[in-house]
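Listed below, chain by chain, are the residues.
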Amino acid sequence: MPRVPEPSGIDLARVALRAAKEQAKARGAAAQQKKQAKRGGLRSGARADGRDPLPLGAAINRLITERGWEAPAAVGGVMGRWPQIVGESLAQHCMPQRYDEDARVLTVECDSTAWATQLRLLAPQLVARLNADLGQGTVKLIKVLGPGGPPRRFGPLRAPGSTGPGDTYG
């Protein structure tokens, strides 16, 4: 077996210098942590850390994730993209009104009873399309509302409490 010579001279000095640098670095890191703890935590420095400014989109995404708002934010995006999801003709007559996160119900109001009936027939396909876009189980049911009745007018030819013809406004 060949013998490895012991370091001597300049090699021994390099080994000692490297060991001294490592020890100083360890002592310096410990002293820095101690100093930061006395000052009340981390301070700003030249390197990136968690306190640096973020682009607006990244900050909003981080806030949504931290607060657990993924489903409501996604459904809000659906309300903005409603015409692309359901089609232009249906979007002209039916608009989403609200989303109940607990029951996972999307409430949609239509401008006539005919369009409300049409939307009720299309609801299962629409729920499948929304869940494919938002994630499975985000929307379980679409509640379809017909148009509101005309303003109530009381007078000699109106019965108290009537809202108008039921086939048009109900």
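Residues numbered from 1 in each chain as written. Predicted model: local features only at pLDDT ≥ 70, side-chain atom pairs only at ≥ 80, totals over all residues. Heavy atoms only, no water.

> In this structure, what is going on with the pairing of strand S2 (residues 105-110)? I would like to understand it.
Successive residues of a regular strand alternate their side chains across the two faces of the sheet. Counting buried residues in S2 gives 5 out of 6 residues, a clear majority hidden from the surface. Two successive antiparallel strands, strand S1 (residues 94-100) and S2, enclose a turn made up of 4 residues, where Arg104 displays a positive phi of approximately 60°. Strand direction decides the pairing type here: S2 and strand S3 (residues 141-145), joined by 5 bridges, are parallel. In the strand pairing of S3, Val105 is matched with Leu141. Once the chain exits S2 it traverses helix H6 (residues 113-134) before rejoining the sheet at S3, and the crossover so formed is right-handed. (Buried < 20%, exposed > 50% of the residue type's maximum accessible area, 1.4 Å probe, protein only. Helix = DSSP H or I, 4+ residues; strand = E, 2+ residues; numbered from the N terminus. Pairing = 2+ DSSP bridges. Right-handed = clockwise from strand over helix to strand, strands pointing away.)

> Would you take a moment to explain the pattern of salt bridges for this structure?
Pairs may arise between side chains of opposite charge once their charged atoms sit close together. Under the criterion given, the structure shown has 2 salt bridges. For Glu66, the salt bridge is made with Arg62, and the minimal N-O distance between the two is 3.4 Å. Of the two residues, Glu66 and Arg62 both sit in helix H2 (residues 56-67), 4 residues apart, roughly one turn of that helix. Take Glu66: its relative accessible area is 57%, and that puts it in the exposed class. Look at Arg62 and you get partly exposed, because its relative accessible area is 42%. The partner of Arg81 in a salt bridge is Asp133, with the nearest N and O atoms 2.8 Å apart. With Arg81 in the loop between helix H3 (70-80) and helix H4 (82-86) and Asp133 in helix H6, this pair connects stretches of sequence that are 52 residues apart. On the basis of relative accessibility, which here comes to 36%, the residue Arg81 falls in the partly exposed class. Judged by relative accessible area, Asp133 falls into the partly exposed class, the value being 40%. (Salt bridge = Lys/Arg side-chain N within 4 Å of Asp/Glu carboxyl O.)

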